[in-house]
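Spelled out from the first residue to the last, the chains are:
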Amino acid sequence: MNPATLAVVTPIVIAALGLIYLALFGQKSVVEWRRSRREADIAQPAVESAHGSDRPAENLPTPDFTNFIGRVDEQTRIHEVLRPYPHSQHPVVAIDGIGGSGKSALALAVARRYVAEYDSMPSEDRFGAVIWTSAKVELLTAEGPRPRPSRHRSLDDILDTIGIVLGREDVTRAGNEHKLEAARSALKKQRTLLIIDNLETIEDETIYSFLRELPAPTKAIVTTRHKIDAAVALTLDSLSDEDASVLLSQQFSEQAERLTPGEWKRILELSGRLPLAIVWSAAQIRLGVPAVEVLGTWERGRDQLAEFSFAGIWNTLQGHPAAATTMRAIAALPFPATSEILANCASTHLDETQAVLRQLSRLALVQRKQHGWTVHPLVRQYTLERTDEDARQLLERGADYVIAKLEGTIGDERLKAITVAEYEIIDADRPNIVFLVEWCYGQGELQRTKRIVAGLGYYLHARGLWSDAVRTWELGALAAEQCNDLVLQARFLTYLGYMALFMENVERAQFYHSQAVRLVDATAANYQHASLLRLQGYLARENGDRVAALDLFGRGLQEMRVCENAHGICRLLNDMAETLIQAGQLTETEAVAQEALVRADRSGELIERVRAIRLLSVHARSSGEVEKARAYATESRDDALASGWWEDAGLATIELAKCAAAHGSLREALSHAVDADAYFERIGSTRGRVEVADLITQFKRKGRSRFSHLRFPSPRLGPDIKEFRSLG
């Protein structure tokens, strides 16, 4: 071929070959094309195996449970997250919690479901491969912790497992610089579920970047004792009472006779309903260890489970004094504690304590409950066993903080007006305050006991915590007696007398009154003697002697005026107004109640203002001014509810029910009566609930008599009347 012809033909041939190459290989180089074909050949058997069989490719371990128990809500949430896009946009769900909370078991139960139910699942929810990796170092057996034979220590270990399960030799044989990309490429070929168990023990930080950039459509479950930054995180705590009982029963399905009912209950209590604790205790007992011995090690905080779950973290905390002391303070206080009381117990600044609490929360050592922080019972016992020497100091500092807090906010209720905001400051710490009263008295800290009880004062009664009030004032009276503080002893006995009356124990109230009278100076006007005259007036009224009651209230009022005690004056004026109403002396009632209202407004006595307005409502209704009565009762109820005074809210709501009945609105009257019953039920007021029940009976009787003459002549009228009767 001559040069001229060659010059013409050559471009044509090259162009034709180029078109053929593009058609066969696309825009890849020959080397790239050969590499991709090799990867596809390697991957193809695994993909076909995953989707062509009844089960996906998987390497799940054999579970140590027959039937997984509990965690229904958590399983549902995990399955929601693991659904494909667009149902879920989150690639990773993190299960965190303290050691032994069942994180690994939950992850395994979820993973096994995708294998066992592969055929019955919607095709879009299936996983073509389910891959299990674990960095767990030890396993806890009945004989104690045992080293785990193999573990995934790094991202490379996890990538190798991915390659093995997917049958991708290109991943397992790739050098370190190419392994990650090879694994990512393999994961893109099918929907894969990757589980990484015990993430916190992997020291390779690149694992977190891998999880953040997990290739779609892969999803991952990670379990960790430390909280991590994940879009979806589930924290495991104790099992429910029911699930814990079922789990314990499962462990002794053929040997239930080995546990007495007392031992059964104690295991559930001391284990804190932690799954691993229940399983481990059962395994020990099955091996012949007496249940009493297992329980004894728990009570001393020296069991192998605690060491297995918490020793490593506890040892780490010892290098951080603020964290260790805060943990001791949380463990020493039996109820969720606010950061303020913890800071004072630990003798640290509030900002530092709050930062420590956030860190402890990330370590899953503490949990936020309501308005405070607490720990799992097993963590508490483990910590207390190591803090005997300074637990007393922690609680003494806590008691001193409580004393300062009460004296700074409430002070002496006889001398200042109390607002609901001041009570709310106490609410979050109240359970631990009541505990500190018990602790101080038990430790012989009598001065601290007296000062805490004196600061609580009317608070426990106003909040409807009557049992706590009785126990607290009893301890206060005992502490005052041992300190020879007769005035404070009489004060606490008087409080107990009032409380006994509210709880309908007149005989007990008379006993407390007689004990207090012996301690009080009656020769000169003083608050305590006037308060005892008031209690005596209540007792007289309880016995039906309203004349004697009015006389006693009057004498007490006179002494309060001499003392210039606004709190006592308002109280006794309202007591007199209430007694005058009961005696039917309406002419005098309004003036007395109005004076109580004016004085309460002037001195800021909110609770006595609520009482005065309610009594004015009763007076107005009795005088036929129903609308005026309704307005008074509504204001009294709303103010009582805003202040959290449930008893006063119930009494005002009863008055609203009577106003509605007086207007002929029996449906509204019944509705108010039901609300009042709820308020009384909240504080356990039997007397209030009996009054409501009597009132409802009256409304029913009145409703039946009103409509008894109707014979339902038309279809329209009959159902309306039947509906009313059904309300009754």
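Since we're looking at a predicted model, the values are computed, not measured. (Residues numbered from 1 in each chain as written. Predicted model: local features only at pLDDT ≥ 70, side-chain atom pairs only at ≥ 80, totals over all residues. Heavy atoms only, no water.)

Novice: Provide a residue-level description of the overall build of the protein, including the pertinent values.
Specialist: Assigned secondary structure in the protein consists of 35 helices and 10 strands. The long-range share in the protein, meaning contacts at least 24 apart out of those at least 6 apart in sequence, stands at 69%. Within the structure as shown, the protein displays about 34000 Å² of accessible surface, and the carbon and sulfur contribution to it stands at 51%. (Helix = DSSP H or I, 4+ residues; strand = E, 2+ residues; numbered from the N terminus. Contact = heavy atoms within 4.5 Å. Areas by Shrake-Rupley, 256 points an atom, 1.4 Å probe, with all protein chains shown as cover.)

Novice: Quick rundown of the pattern of salt bridges? Include the residues and the values.
Specialist: Tallied over the entire structure, the rule returns 42 salt bridges. Connected through salt bridges with shared partners, the residues R534, R541, R571, D575, E578, E608, R611 and R614 form a single ionic network. (Salt bridge = Lys/Arg side-chain N within 4 Å of Asp/Glu carboxyl O.)

Novice: If you had to explain the sheet that holds strand β6 (residues 192-197) to someone new, which residues and values would you point to?
Specialist: Taken together, 6 strands build an open sheet; the order of strands is β1-β3-β6-β7-β2-β8 and the sheet is parallel. With one partner strand each, in any of the chains shown, β1 (57-58) and β8 (232-236) form the two edges of the open sheet. Its contacts with the sheet put helix α5 (residues 155-166) on β1, β3 (129-134) and β6, and the angle it makes with β3 is roughly 150°. (Pairing = 2+ DSSP bridges. Axes fitted to C-alpha atoms, helices over the stretch in contact; angles between N-to-C directions.)

Novice: Please provide a residue-by-residue account of the pairing of β8, values included.
Specialist: Covered by surrounding structure in β8 are V232, L234 and L236 only, the residues A233 and T235 on the alternate face being uncovered. Inspection of the sheet shows strand β2 (residues 92-97) paired to β8 by 5 bridges, in the parallel sense. Opposite I95, over in β8, you have L234 as the bridge partner. (Buried < 20%, exposed > 50% of the residue type's maximum accessible area, 1.4 Å probe, protein only.)

Novice: Please give an account of helix α10 (residues 261-270) that cites residues and values.
Specialist: Those residues of α10 not exposed but buried are E263, I267, L268 and L270. After α10 finishes, the residue G272 shows a positive phi value of roughly 65°.

Novice: Can you break down the environment of D170 residue by residue, with the values?
Specialist: Position of D170 relative to the elements: it lies in helix α6 (residues 169-172). Here the side chain of D170 touches R168 through a polar contact of 2.8 Å, side chain to side chain. (Polar contact = N/O pair within 3.5 Å; in protein donor to acceptor, adjacent residues only side chain to side chain.)

Novice: Talk me through the environment of M327; I want residue IDs and the actual numbers.
Specialist: Relative to the elements of secondary structure, M327 occurs in helix α14 (residues 321-332). Separated by 30 residues in the primary sequence, M327 and L357 place their C-alpha atoms 8.8 Å from one another.

Novice: Break down the side chain of S104 for me, citing the residues and quoting the values.
Specialist: You can see S104 is positioned in helix α4 (residues 103-116). Looking at S104, its side chain comes within polar contact range of the side chain of D197, at 2.6 Å. Every residue in contact with S104, bar those within four places of it in the chain, is listed here: W132, K136, D197, N198 and T223.

Novice: Break down the packing of helix α24 (residues 486-502) against helix α25 (residues 506-517) for me, with residues and values.
Specialist: It is the contact of α24 with α25, at a shortest axis distance of 8 Å, that shows an interaxial angle of 165°. The orientation of α24 with respect to α25, classified from their angle, is roughly antiparallel. In terms of crossing hand, the pair formed by α24 and α25 is left-handed. Side by side, α24 and α25 meet where A490, L493, T494, L496, G497, A500 and L501 of the first sit next to V506, R508, A509, Y512, Q515 and A516 of the second. Of the residues contributing to the contact of α24 with α25, the split by class is 9 nonpolar, 3 polar and 1 charged. (Parallel < 35°, antiparallel > 145°, perpendicular 65-115°, else oblique. Left-handed = near helix turned anticlockwise from the far one by under 90°. Nonpolar A, V, L, I, M, F, W, Y, C, P; charged D, E, K, R; others polar.)

Novice: Give me the lowdown on the packing of aromatic side chains, citing residues and values where you can.
Specialist: Applying the stated criterion across every chain yields a total of 7 aromatic pairs. Taking 5.8 Å as the distance between ring centres and 80° as the angle between the ring planes, the aromatic pair formed by Y538 and F553 counts as edge-to-face. Placement of Y538 in helix α26 (residues 527-542) and of F553 in helix α27 (residues 546-563) is noted, with a sequence separation of 15 residues between them. The burial state of Y538 is the same as that of F553; both residues are buried. Pairwise contacts between aromatic rings join Y498, Y538 and F553 into one cluster. The ring centre of Y118 lies 4.8 Å from the NZ or CZ of R126, which sits over that ring. The residue whose ring lies beneath R534 is Y498, and the NZ or CZ to ring-centre distance is 5.0 Å. (Phe/Tyr/Trp six-rings, centres within 6.5 Å; stacked < 30°, edge-to-face > 60°. Lys NZ or Arg CZ within 6 Å of the ring centre and 35° of its normal.)

Novice: Which residues make up the side chain of R637, and what values go with them?
Specialist: Inspection of the secondary structure assignment puts R637 in helix α31 (residues 626-643). Of the polar contacts made by the side chain of R637, one reaches the side chain of D638; its length is 3.0 Å. Residues within four places of R637 in sequence aside, it is in contact with A649, A652, T653, L656 and H672.

Novice: Run through the packing of helix α32 (residues 646-662) against helix α33 (residues 666-683), naming residues and quoting values.
Specialist: Between α32 and α33, the least distance of the axes is 8 Å, while the angle of their chain directions is 165°. One way to sum up the angle between α32 and α33 is to call them roughly antiparallel. Along this stretch, α32 crosses α33, giving a crossing that reads as left-handed. When α32 is examined against α33, the residues W646, E647, A649, G650, L651, T653, I654, L656, A657, A660 and A661 are found in contact with a partner set consisting of L666, E668, A669, H672, A673, D675, A676, Y679, F680, R682 and I683. Residues belonging to the contact of α32 with α33 are distributed by class as follows: 15 nonpolar, 3 polar and 4 charged.

Novice: Any details on the nonpolar core? Residues and values, ideally.
Specialist: With 110 residues, the main nonpolar core has I341, L342 and I452 as its most contacted residues. It is α24 that contributes the most residues to this core, 10 residues altogether. Discounting chain neighbours no more than four positions away, the residues touching I341 are L333, Y401, V402, D429, N432 and L436. (Core = buried A, V, L, I, M, F, W, Y, C linked by side-chain atoms within 4.5 Å.)

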